[in-house]
Amino acid sequence: MSDTPLVAVQSVSKSYRRGAVRALRQVSFVVQRGEFVHITGPSGSGKTTLLNLIAALDLPDAGEIIVGGTDLIHLSSARAAAYRNEQIGIVFQSYNLFQQLTAVENVLVPMIPRRRFDRRFALELLDNVGLADRSEHRPAQLSGGEQQRVAIARALANDPPLVLADEPTGNLDDENSRNVMSLLCKSCRERGKTLIVAAHDNYAMHSPDAIFEMRAGTLTSHVRPSEVQAARNR
Amino acid sequence: MIWGKLIFGGIGRRGLEAIFAWFVLGAAVAVIAASLMVVEGAREALSRAERLDRPDIVQVKSRFNRALFETPQSGNLAPLTLPVYEPLIDPENLMAAGAVDGMVIARQSLFRNVVSNDQFLNIYVFGIEPELERDISTFSIARGRFLRNDDNATAVLDEASAHALGVDLGGTFPVRKADGEDLTLTVIGILDAVALRYPPPRTVEAPSLVPNSSFVSSGAFVTLRTSEQIFGRPTLTDVLVVAGATDRVPLMVDQLREIFRLEPGVFVTERYTQFRRKVQDFSLTLGLFGILGTATALLAGSFVANLLHDVYVDRRHQYAILMGLGFSPKLSLLPALAFGLILVLSGTLAGDLLAVVFGPRDFAMPSLMSDLGGVMPRFDVFVAGASLATAIAAMALSLVPTLWRLLRHPVATTLAGEAR
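Just so it is clear, the structure is predicted and the values come from calculations on it, not from any experiment.

Explain the overall build of chain B here, please?
When you go through chain B residue by residue, the secondary structure sums to 11 helices and 11 strands. When burial is assessed residue by residue, chain B has 50% of its 420 residues classed as buried. Roughly 19300 Å² of accessible area belongs to chain B as shown, and the carbon and sulfur atoms make up 59% of that amount.

Would you explain the packing of helix α2 (residues 14-53) of chain B against helix α9 (residues 329-358) of chain B in this entry?
To characterise two packed helices, one gives the angle between the axes of the helices and the distance between these axes. All names here are of chain B. It is the contact of α2 with α9, at a shortest axis distance of 7 Å, that shows an interaxial angle of 45°. With respect to their mutual orientation, α2 and α9 come out oblique. Crossing of α2 over α9 shows right-handed handedness. Taking contact as the criterion, the partners of A18, W22, L25, G26, V29, A30, A33, A34 and M37 in α2 are, on α9, F339, L343, V344, S346, G347, T348, A350, G351, D352, L354, A355 and V356. Here the residues of the contact of α2 with α9 sort into 15 nonpolar, 5 polar and 1 charged.

What am I meant to see in the pairing of strand β6 (residues 88-91) of chain A here?
Consecutive residues of a regular strand have side chains that alternate between opposite faces of the sheet. Residue and element names in this part refer to chain A. In β6, alternate side chains face the same way, and those of I88 and I90 on one face and G89 and V91 on the other are all buried. Sheet topology note: the β6/strand β7 (residues 162-166) ladder contains 4 bridges and is parallel. Within β7, the position partnered with I88 by the bridge is L162.

Can you walk me through the confidence of the model for chain B in this structure?
Close inspection of predicted coordinates is inappropriate in any region flagged by low pLDDT. Overall, the predicted model of chain B reaches an average pLDDT of 84, with 90% of residues at or above 70. On the interface metric, ipTM, the complex scores 0.91, and its pTM is 0.69.

Is there a simple way to explain the packing of aromatic side chains in this structure?
What describes a pair of aromatic rings is the distance from one ring centre to the other and the angle between the planes of the rings. Residues and elements named next belong to chain B. The final tally for this structure, using the stated rule, is 10 aromatic pairs over all chains. Ring centres of F139 and F221 lie 5.2 Å apart, and the angle between their planes is 80°; this geometry places the pair in the edge-to-face category. Taken together, the positions of F139 in strand β5 (residues 138-144) and F221 in strand β9 (residues 220-223) put the pair 82 residues apart, joining distant regions of the chain. Residue class for F139 comes out buried when judged on its relative accessible area of 7%. Note on F221: relative accessible area 0%, which makes it buried.

Sorry if this is basic, but what is going on with helix α4 (residues 119-128) of chain A here?
In an α-helix, one turn spans 3.6 residues; hence positions three or four apart end up facing the same way. Residue and element names in this part refer to chain A. For α4, every residue scored as buried is listed here: F121, A122, L125 and L126. The arc that holds the buried residues of α4, viewed along the axis, is 140°, so those residues lie on one side. On its buried face, α4 is in contact with α3 (103-108), α5 (144-155) and α6 (174-191). Immediately beyond the C-terminal end of α4, within one or two residues, lies G130, with a positive phi of roughly 80°.

Would you mind showing me how to read the sheet that holds β7 of chain A here?
In sheet architecture, strand pairing relies on hydrogen bonds along the backbone and comes in two forms, parallel and antiparallel. All names here are of chain A. In spatial order, the strands read β6-β7-β8-β3-β9-β10; together these 6 strands make up an open sheet with mixed pairing. Two strands in the sheet have a free side with no partner beyond their single neighbour: β6 and β10 (218-223). Each adjacent strand pair in this sheet contributes to an overall mean axis angle of 15°, direction not counted. Here strand β9 (residues 210-215) pairs with β10 via 5 bridges, running antiparallel. Bridge pairing in β10 places E213 opposite S221. Across the face of the sheet, helix α1 (residues 47-54) comes into contact with β3 (36-40), β7, β8 (194-198) and β9 while running at roughly 150° to β7.

Help me understand the interface of chain B and chain A in this model?
Reports often express the size of an interface as the amount of accessible area lost when the parts come together. Contacts between the two partners involve 23 residues from chain B, matched on the other side by 26 residues from chain A. Summing both partners gives a buried area of about 2000 Å² for chain B against chain A, and 70% of it is carried by carbon and sulfur. Interface area lost by chain B to chain A is led by I2, K5 and L325 of chain B, which between them contribute 31%. Between K5 of chain B and E105 of chain A there is a salt bridge, with the nearest N and O atoms lying 2.8 Å from each other. Only α1 (2-8), α8 (272-324), α9 and α11 (411-418) of chain B provide two or more residues apiece to the side of chain B that touches chain A.

Would you mind going over the packing of α4 of chain A against α6 of chain A with me for this structure?
Residues and elements named next belong to chain A. Two numbers describe how α4 lies on α6: the axes approach to 10 Å, and their chain directions differ by 130°. It follows that α4 is oblique to α6 by the angle criterion. Of the residues in α6, those in contact with F121, E124, L125 and N128 of α4 are L183, K186 and R191.

How do you make sense of the sheet that holds strand β4 (residues 62-67) of chain A when you look at a structure like this?
Residues and elements named next belong to chain A. Taken in spatial order, the 4 strands line up as β2-β1-β4-β5 in an open sheet, and their pairing is antiparallel. At either end of the open sheet lies a strand with only one pairing partner, and these are β2 (21-31) and β5 (70-71). The sheet contact formed by strand β1 (residues 7-16) and β2 spans 7 bridges and is antiparallel. What sits directly across from Y16, in β2, is V21.

Help me understand the confidence of the model for chain A in this model?
Taken over all residues, the pLDDT of chain A has a mean of 87, while the share at 70 or more is 94%. Of all helices and strands in chain A, the one with the weakest mean pLDDT is helix α7 (residues 225-233) of chain A (67), whereas α3 of chain A scores best (95).

When you look at the layout of surface pockets in this model, what are you seeing that I'm missing?
Rolled over the atoms, a probe with the dimensions of a water molecule shows which regions are left empty. Considered as a void within the structure, the largest pocket measures approximately 500 Å³ in volume. Contributing to the lining of the largest pocket are 22 residues, with T48, N52 and D166 of chain A together with A412 and A416 of chain B lying nearest its centre. Counting only elements with at least two residues in the lining of the largest pocket, the list comes to α1 and β7 of chain A together with α11 of chain B. The residue inventory of the lining of the largest pocket, partitioned by class, reads 11 nonpolar, 9 polar and 2 charged.

I'm lost on empty space enclosed by the protein in this one. Help?
Throughout the structure, instances matching the rule amount to 3 cavities of 30 Å³ or more. Quantified by volume, the largest cavity comes out at close to 80 Å³. The wall of the largest cavity is formed by R84, N85, I88, G89, I90, P110, R154, A155 and N158 of chain A together with G324 and L325 of chain B. The set of elements that each furnish at least two residues to the lining of the largest cavity consists of α2 (77-87), β6 and α5 of chain A.

Help me understand the pattern of salt bridges in this model?
Pairing of side chains with opposite charge becomes possible as their charged atoms draw close. Residue and element names in this part refer to chain B. Enumeration according to the criterion identifies 21 salt bridges over all chains in this entry. Here E258 and R261 are joined by a salt bridge, their closest N and O atoms 3.1 Å apart. One connected set of salt bridges, linked through shared partners, spans E44, R51, R378 and D380.

Sorry if this is basic, but what is going on with the nonpolar core here?
If you look at soluble globular proteins, the nonpolar side chains tend to sit buried side by side. Residues I54, L184 and I196 of chain A are the most contacted members of the largest nonpolar core, which totals 108 residues. With 11 residues, α8 of chain B is the single largest residue contributor to this core. Sequence-distant contacts of L184 of chain A, that is, excluding residues within four places in its chain, are made with V91, I152, V163, A165, P168, L195 and V197 of chain A. The next biggest cluster of nonpolar side chains, apart from the first, holds 21 residues, and it includes L165, L183, A220 and I230 of chain B.

Procedures and definitions
Residues numbered from 1 in each chain as written. Chains lettered and ligands numbered in written order. Predicted model: local features only at pLDDT ≥ 70, side-chain atom pairs only at ≥ 80, totals over all residues. Heavy atoms only, no water. Helix = DSSP H or I, 4+ residues; strand = E, 2+ residues; numbered from the N terminus. Buried < 20%, exposed > 50% of the residue type's maximum accessible area, 1.4 Å probe, protein only. Areas by Shrake-Rupley, 256 points an atom, 1.4 Å probe, with all protein chains shown as cover. Axes fitted to C-alpha atoms, helices over the stretch in contact; angles between N-to-C directions. Parallel < 35°, antiparallel > 145°, perpendicular 65-115°, else oblique. Left-handed = near helix turned anticlockwise from the far one by under 90°. Contact = heavy atoms within 4.5 Å. Nonpolar A, V, L, I, M, F, W, Y, C, P; charged D, E, K, R; others polar. Pairing = 2+ DSSP bridges. pLDDT = per-residue confidence, 0-100. Phe/Tyr/Trp six-rings, centres within 6.5 Å; stacked < 30°, edge-to-face > 60°. Arc of directions from axis to C-beta. Buried area = accessible area lost by both parts, 1.4 Å probe. Salt bridge = Lys/Arg side-chain N within 4 Å of Asp/Glu carboxyl O. 1 Å grid on protein atoms, 1.4 Å probe; cavity = no way out; pocket = protein on both sides within 12 Å on 5 of 7 lines; lining within 4 Å. Points joined across faces, edges and corners; volume = space filled by probe spheres on them. Core = buried A, V, L, I, M, F, W, Y, C linked by side-chain atoms within 4.5 Å.

Written out as structure tokens, the structure reads:
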């Protein structure tokens, strides 16, 4: 693992409604390359806001976010789009699939800006998430769990170093939640991705490298199980 | 394929709204185009009337000399050279004033008795500036050529005059000058049609191309230099002044009247006032049509914009997903623009076709006092441009709120706000 963190969040604050709602207050943390991070906390604690900022879908009021050496605060909208397309893959809670496209076409969509249509790779990704035989199905013909698996494949379509998942199991039942999380972790682990999952449920991630707990917009707990284990062993 | 689906797919229940918008747009464009075709046809009728009437031309003429009627044929008088109009207009006076804002076309209109086949023949002789005169009058050359500015002792005759004089191309005929000497003119061109602008009245038997015309329709045309030799003086019988712009005619007329205020035998006449009276009713009706067409365009365009707006609002989430997946703002909006453009272009095309196929072939403008001829509706670049502009404006109007939402708000807000 490189010493330079992939994600560095420094004193980030964000508020909405002209300061009436303070979503994040002075949040700071780093994520190393290849790490799996679970951001947990109750609804409204700022998890989604934090992921949106790391995904350059929004801008913080204060602080600094650097991902892979890119300062997200000063990106133009076009550069931010390029960053989203090349550096990160996003898995949304509500899947955000195009209903008019088939599963494989949904996976191909992120490749459009790069003008690199690799249908074989898209099919391979679908195969990895167990949907090889459903590649020509439209989202309406798939279950919620299957749709989220398509979303996972789409997040990996451009081979980004960082994958962000915002409540990826929020709309799924227990069994599907476990399956989807397992597939997400497996897919990212196999491809050496860094994964940040924001989820309030307990079975969000197996053996994360770090668990950040958020409450009322602040990072209340910052645990690295490996370090805890190492301390215990000592 | 994916682009096609991104542009047209996923419209869902708004599909019917889009189709309805297309039909409304087509119908609106058809009405607008048909109205504009009538307006364009009417404008053409107006400009045709203006080309024919030439209200931009002001005539300055000397008083008419009634001694003209006493021709040598009566046997009481010796052969005389008499002008149609008295030569009272001093060109120096006209030019020196410098206040005339227009092109000055000078004329000397003469009337001569020519000895032909042992008899006197009455013939009109016009001293003209050939190149300027051709801008306002029509001369159709049947044989030979027309006059040039540097020609001297040459003439162009109409067929009737040539026949009466018994000459043909290359032939000659004598014209008595003011000093009593004869000037021999060589015929260099024969005309089969003549339409002089502001011709002098026909007051005596003379060869005529247009039978029973009250105006002179034939004669011998010579250069002004030649006519000055015949006439023996440079003063003009009549002058036409062409205004740079039609609406400057009243001012020009005032200037000309000021120049000739001390010369009671010179009259300044214009057709501008009469023409304005003639076309005023027509112009008002045309303006009313224009207002109605604009109002229709605004109403129909707003309705179409409203329908399309609903379609776009429904599709904002898709455009936001594209932005979320890393499409640049321009690329994210491409499906929206393409959808709108394809819809309005095809709708406009259909509407224009409807207007052309089912529009009126001819149109009688209601309540018109003037007779400007038939109004022939026509489809031209202006009609096509105006109908397309209406459609594009409707699309732009419908798209602006979506553009504003997508470009001025964070992607996260749009994704969350438009999530279904």
